[in-house]
Amino acid sequence: MVGSRSQTNLGGDPQTIQGVVKHFGSRYGTSNKEIHRQPKNFDDSELETLLNDYPDDETENRQRGIEKEIKYPKSVFFIISSEFCERFSYYGMRGVLALYLKDSLHYTENNATIIYHMFIVLCYFTPLFGGIMADAWLGKYNTILYVSLLYATGNIVLSFGSVAAFSIPHRELSFLGLFLIAVGTGGIKPCVSSFGGDQFILPQQEQQLRSFFSIFYFSINAGSVISSFLTPMLREYHCLGSNEDCYPLAFGLPAALMIVALVIFVFGSPMYKRNNPQGNIALQVVGCIGHAVAKKISSTKKKEHWLDYAEDKYSVKLIADIKVLMKLIYLFTPTIVFWALYDQQGSKWTFQASRMDGDLGWFTIQPDQMQTLDALLVLFFIPLFESIIYPFLAKLRLVRNPLQKLTVGGFLAAFAFLLSGALEIYIQELHFNI
């Protein structure tokens, strides 16, 4: 506090701002004229602020020593490795799912597409419950552990249900497996990255935290690329005495990787830093919105914003944050259309590719391998756009802010799907003529 910091040798009266600034003037470029402009009397809070803004050499050296003493948490390597295996499992299974529904379970293309997207919807809806469960009751570690057990079980059930040689209810077992996988992947999705962030001490390890997230998201893309390329190749083989595609092997490898992911995560348990559940912000947001709506309906008073009616029960900060959230929801609502189209690469685009010739002479591209291009192009285009294309467009005053980039990307996506639609018309006409 101020009392302890006032003992520092400032080279002048520590109780005058001139004495403080004179000491730091040579280091921070403060002139004598600027010093004498300061008031002669100031309170302790102003001195504390000034000392915090301009730390002395001793304080800076002490801070550097603390940063050096705090080692990079080894526990995050278990989290990153587990995430790589889990993403390999998810994208590998998802890549061959549409063709499995059509060719093995004998659904029509339209029905297979509906089932596929119902599965995707469930995968991205369950994270809401996973986050609530982790923040309010179980904690992140227990949520990841328990839900991963369901996740691995779902992969095993799906793999077992795809064995055509067994006289078992294939569809029922496959749907049970898909349900457990959707609950599993959705349940851990909001927990893993934040649990990794919990392993760091802030603000001392802020730079190390940034490097962790870079490695973490690289592992996601690496798992996606490798599995999207490899799993369709496993599907090609004939296995278990069948002349059809080997879906048990194509689903079996992701199941094995999910088990490995769970084992790796458990091995790191002694090293993990675990925070106790402290309540879920999603529940607070829903409660605040519901209370504001109810108060607005029953109240005769007029307020500037409808969320202000919740001020009698919720903090001003929470209400202000929700106002910002509402603006973000309005801004990103159009992206719903983009993502609805984007996820068709695993269904309609895969079926379209199955009616095309993937033979390149030296290599044959499988229909479900086309999804590999997505992650590869992302890894290629991000540095290209950031270092060359966006700076060039900015000089031309064409695309200079994120909203403009979002708009241009939307038009490019629309054009891509127009091309896809035109190609599908051409394919259907060609097959009809044949």
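Fair warning: this is a prediction, and the values are worked out from it, not measured in the lab.

A. Highlighting unusual backbone geometry. With omega at 10 degrees, the peptide bond leading from leucine 202 into proline 203 counts as cis. Relative to the helices and strands, proline 203 is located in the loop between helix 10 (170–197) and helix 11 (206–236). One non-glycine residue with positive phi stands out, namely histidine 106, at about 65 degrees. Phi is positive for arginine 397, which is not a glycine, with a value near 60 degrees. Mapped onto the fold, arginine 397 is located in the loop between helix 17 (372–395) and helix 18 (402–433).

B. View of the UniProt feature "transmembrane region" (unreviewed entry) in the protein chain. The UniProt record annotates "transmembrane region" (unreviewed entry) at residues 114–132, 144–167, 212–230, 250–268, 324–342, 375–394 and 406–427. Helix makes up 100% of residues 212–230 and strand 0%, whereas the separation of the span's terminal C-alpha atoms amounts to 27 Å. Note that residues 406–427 is 100% helix and 0% strand, and that its end C-alpha atoms are spaced 31 Å apart.

C. Fine view of the side chain of asparagine 155. As for its position among the elements, asparagine 155 is in helix 9 (residues 140–161). Dropping the residues within four chain positions of it, asparagine 155 is found in contact with Ser89, Ile181, Pro254, Ala255 and Met258.

D. Spotlight on the packing of helix 9 against helix 10. One way to put it is that helix 9 packs onto helix 10 with a least axis distance of 7 Å and a crossing angle of 155 degrees. In terms of orientation, helix 9 and helix 10 fall into the roughly antiparallel class. The crossing of helix 9 and helix 10 is left-handed.

E. Up close: the packing of aromatic side chains. The tally for this structure, following the rule as stated, stands at 30 aromatic pairs. Between tryptophan 339 and tyrosine 342, the aromatic rings sit 5.0 Å apart at their centres with planes inclined by 80 degrees, giving edge-to-face as the arrangement. With tryptophan 339 and tyrosine 342 both in helix 15 (residues 335–342), this residue pair falls 3 residues apart, about one helical turn. A relative accessible area of 24% means that tyrosine 342 is categorised as partly exposed. One aromatic cluster is present, built from ring pairs that chain together Tyr72, Phe77, Phe200, Phe212, Phe213, Phe216 and Tyr217. In this structure, arginine 274 packs its charged tip against the face of tyrosine 141, placed 3.8 Å from the ring centre. We note lysine 405 situated over the ring of tyrosine 390; from NZ or CZ to the ring centre the distance is 4.1 Å.

What counts, and at which threshold
- Residues numbered from 1 in each chain as written.
- Predicted model: local features only at pLDDT ≥ 70, side-chain atom pairs only at ≥ 80, totals over all residues.
- Heavy atoms only, no water.
- Helix = DSSP H or I, 4+ residues; strand = E, 2+ residues; numbered from the N terminus.
- UniProt positions renumbered as here; feature names shortened; annotations may be inferred.
- Contact = heavy atoms within 4.5 Å.
- Axes fitted to C-alpha atoms, helices over the stretch in contact; angles between N-to-C directions.
- Parallel < 35°, antiparallel > 145°, perpendicular 65-115°, else oblique.
- Left-handed = near helix turned anticlockwise from the far one by under 90°.
- Phe/Tyr/Trp six-rings, centres within 6.5 Å; stacked < 30°, edge-to-face > 60°.
- Buried < 20%, exposed > 50% of the residue type's maximum accessible area, 1.4 Å probe, protein only.
- Lys NZ or Arg CZ within 6 Å of the ring centre and 35° of its normal.

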